[in-house]
Amino acid sequence: MKFGVQVNCYRTTWDDISRSIETMEAGRWNSLWFADHFLPPGRREDEHLTAFEGYTILAVAAGMTEKLELGHLVLGNTYRNPALVAKMAATLDQASRGRFVLALGAAWFKREHEAFGWTFPSMKERQDRFQEACELIRMMFTADGPVDYNGKYYQLDQAPLSPGCYQKPHTPIMVGGTGERRTLRTLAMFGDVFNLDGWAGQGMSMEIYRHKMNVLDKHCADVGRDPAEIKKTLLMPLLITEDKERIERFQKSLGKGSMAGPKNQVIDRIGEFEREGVAEIMFGGIRTGDVDSYQRVEEEIVAAFG
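As the structure is a prediction and not an experimental result, all values here were calculated from the model.

Chemist: Help me understand the side chain of Asn 77, please; the structure alone is not making it clear to me.
Modeler: Within the secondary structure, Asn 77 is located in the loop between β4 (75–76) and α3 (82–95). Every residue in contact with Asn 77, bar those within four places of it in the chain, is listed here: Pro 82, Leu 104, Gly 105, Ala 106, Ala 107, Arg 129, Phe 130, Ala 133 and Tyr 154.

In structure tokens:
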């Protein structure tokens, strides 16, 4: 089992973000992740608070590190043209010597589209655009030469990707979200990494995980894909505590099976997911810049898995 952290990039400072990156690089961590929003998600009155642009800070983090894998949870497709995203991804994959994972989602935060003047299409159109974007990006990642693409929303005319991906056969593509009809089908067709998002309010019970895996397996069968080709990961909000009231509030807020409890209970739950085939867990909720908290999780949880 490998472990990473989703480092918060809202309502914080660059000094705290930098301190988190340096702490992770010096420790046992495998990967570093940022979200991708232009306003802090949550309360309208918090819109004026800091929200660092996700791709820029990840590029800076790549220059600060040598071992950490890097990615987003996840980039919003509506914010950037997907051909541009492919170029950005290949560039960062080259510059980091193969440490980048391209993670992309359909986008959901309507208010930031309004704030910055971006069109916020219907759910159906966002899913249609997302499927086209994933197809287009995978074509650019895997083509031997310039790419033509003629979709409803995106078009390419002999677009080259040079330099191409550093990783072989290509930079991994994580398809963000677990919508059963469209998103998991897009993953089956064009993605390489699955991620169950513990912030989404559906919880993180084994029952939910197995159900999503069954849906993904069916989509893979429909499109002729071997599900074993898709890496399984979790974004896991974490609270290590023996305080029953805090555990109850945490699980009530995030859903059934959310990861709150004494360290031994957390270790046992992670072991269950490891036996189910989960390859990596990204922890969320560790306070940005709090070196002691990062080191506590590393020593009490990460170290237990070698």
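Chemist: Looking at this structure, how should I read the packing of aromatic side chains?
Modeler: For any pair of aromatic rings, the description rests on two quantities: the centre-to-centre distance and the angle between the ring planes. What the rule picks out here adds up to twelve aromatic pairs. Relative to Phe 305, the ring of Phe 3 lies with its centre 5.4 Å away and its plane at 55°, an arrangement referred to as tilted. Taken as a pair, Phe 3 in strand β1 (residues 2–6) and Phe 305 in the segment after α10 (291–300) lie far apart in primary sequence, 302 residues in all. When the centroid spacing of 5.4 Å and the interplanar angle of 20° are considered together, the rings of Phe 116 and Trp 118 count as stacked. Taking relative accessible area as the criterion, Phe 116 reaches 42% and is therefore assigned partly exposed. A residue is classified by how much of its surface remains accessible, and Trp 118, at 27% relative accessible area, is partly exposed. Three or more aromatic residues joined by ring pairs form one cluster here, namely Phe 3, Trp 29, Phe 283 and Phe 305.

Chemist: Please clarify how the nonpolar core should be interpreted in this entry.
Modeler: A general tendency of soluble globular proteins is for nonpolar side chains to be buried together. Among the nonpolar cores identified, the biggest contains 79 residues, and Phe 34 and Phe 283 are the most heavily contacted of them. By size, the runner-up hydrophobic cluster in this structure holds eight residues, among which are Val 101, Ala 103, Met 174 and Leu 235.

Chemist: Please explain unusual backbone geometry as it appears in this structure.
Modeler: Glycine aside, a negative phi is what most residues show, and trans is what most peptide bonds show. Cis geometry is adopted by the peptide bond preceding Pro 163, which originates at Ser 162 and carries an omega value of 5°. With respect to the secondary-structure elements, Pro 163 resides in the loop between β7 (155–159) and β8 (173–176). Although it is not a glycine, Arg 11 adopts a positive phi angle of roughly 55°. As for its placement among the helices and strands, Arg 11 is situated in the loop between β1 and α1 (14–26). Phi is positive for Gln 158, close to 55°, though the residue is something other than glycine. By relative accessible area, which is 43% here, Gln 158 ends up partly exposed.

Chemist: Looking at this model, I keep getting lost on the pairing of β7. Mind explaining?
Modeler: Each regular strand carries side chains that alternate between the two faces of the sheet. Pairing geometry for strand β6 (residues 147–150) and β7, over three bridges, is antiparallel. The residue of β7 that forms the bridge with Asn 150 is Gln 155. Connecting β6 to the antiparallel partner β7 that follows it, the hairpin turn spans four residues.

Chemist: I'm lost on the packing of helix α2 (residues 54–64) against α3 in this one. Help?
Modeler: Axis angle and axis distance: for two packed helices, these are the angle between their axes and the distance between the axes, and together they describe the pair. The interhelical angle for the contact between α2 and α3, taken along N-to-C directions, is 15°, at an axis separation of 10 Å. Classified by the angle between their axes, α2 and α3 sit roughly parallel to one another. For α2 against α3, the interelement crossing comes out left-handed. Taking contact as the criterion, the partners of Tyr 55, Leu 58, Ala 59 and Ala 62 in α2 are, on α3, Met 88, Ala 89 and Leu 92. Here the residues of the contact of α2 with α3 are counted per class, giving seven nonpolar, no polar and no charged.

Chemist: What is the right way to read the side chain of Glu 25 from this model?
Modeler: With respect to the helices and strands, Glu 25 occurs in helix α1. Buried charged residue Glu 25 carries no salt bridge. Nearest counter-charge: Lys 67, at 4.9 Å. A distance of 2.8 Å separates a polar side-chain atom of Glu 25 from the backbone nitrogen of Glu 66. Reaching out from Glu 25, the side chain makes a polar contact with the backbone nitrogen of Lys 67 at a distance of 3.3 Å. Excluding anything up to four places from it in sequence, Glu 25 contacts Thr 65, Glu 66, Lys 67 and Leu 68.

Chemist: Please explain the state of the cysteines as it appears in this structure.
Modeler: A covalent bond between the sulfur atoms of two cysteines is referred to as a disulfide. All told, the structure shown has zero disulfides when counted by the stated rule. Free of any disulfide, Cys 134 has its nearest neighbouring cysteine sulfur in Cys 220, separated by 14 Å.

Rules used throughout
- Residues numbered from 1 in each chain as written.
- Predicted model: local features only at pLDDT ≥ 70, side-chain atom pairs only at ≥ 80, totals over all residues.
- Heavy atoms only, no water.
- Helix = DSSP H or I, 4+ residues; strand = E, 2+ residues; numbered from the N terminus.
- Contact = heavy atoms within 4.5 Å.
- Phe/Tyr/Trp six-rings, centres within 6.5 Å; stacked < 30°, edge-to-face > 60°.
- Buried < 20%, exposed > 50% of the residue type's maximum accessible area, 1.4 Å probe, protein only.
- Core = buried A, V, L, I, M, F, W, Y, C linked by side-chain atoms within 4.5 Å.
- Pairing = 2+ DSSP bridges.
- Axes fitted to C-alpha atoms, helices over the stretch in contact; angles between N-to-C directions.
- Parallel < 35°, antiparallel > 145°, perpendicular 65-115°, else oblique.
- Left-handed = near helix turned anticlockwise from the far one by under 90°.
- Nonpolar A, V, L, I, M, F, W, Y, C, P; charged D, E, K, R; others polar.
- Lys, Arg positive; Asp, Glu negative; His and termini not counted.
- Salt bridge = Lys/Arg side-chain N within 4 Å of Asp/Glu carboxyl O.
- Polar contact = N/O pair within 3.5 Å; in protein donor to acceptor, adjacent residues only side chain to side chain.
- Disulfide = S-S within 2.5 Å.

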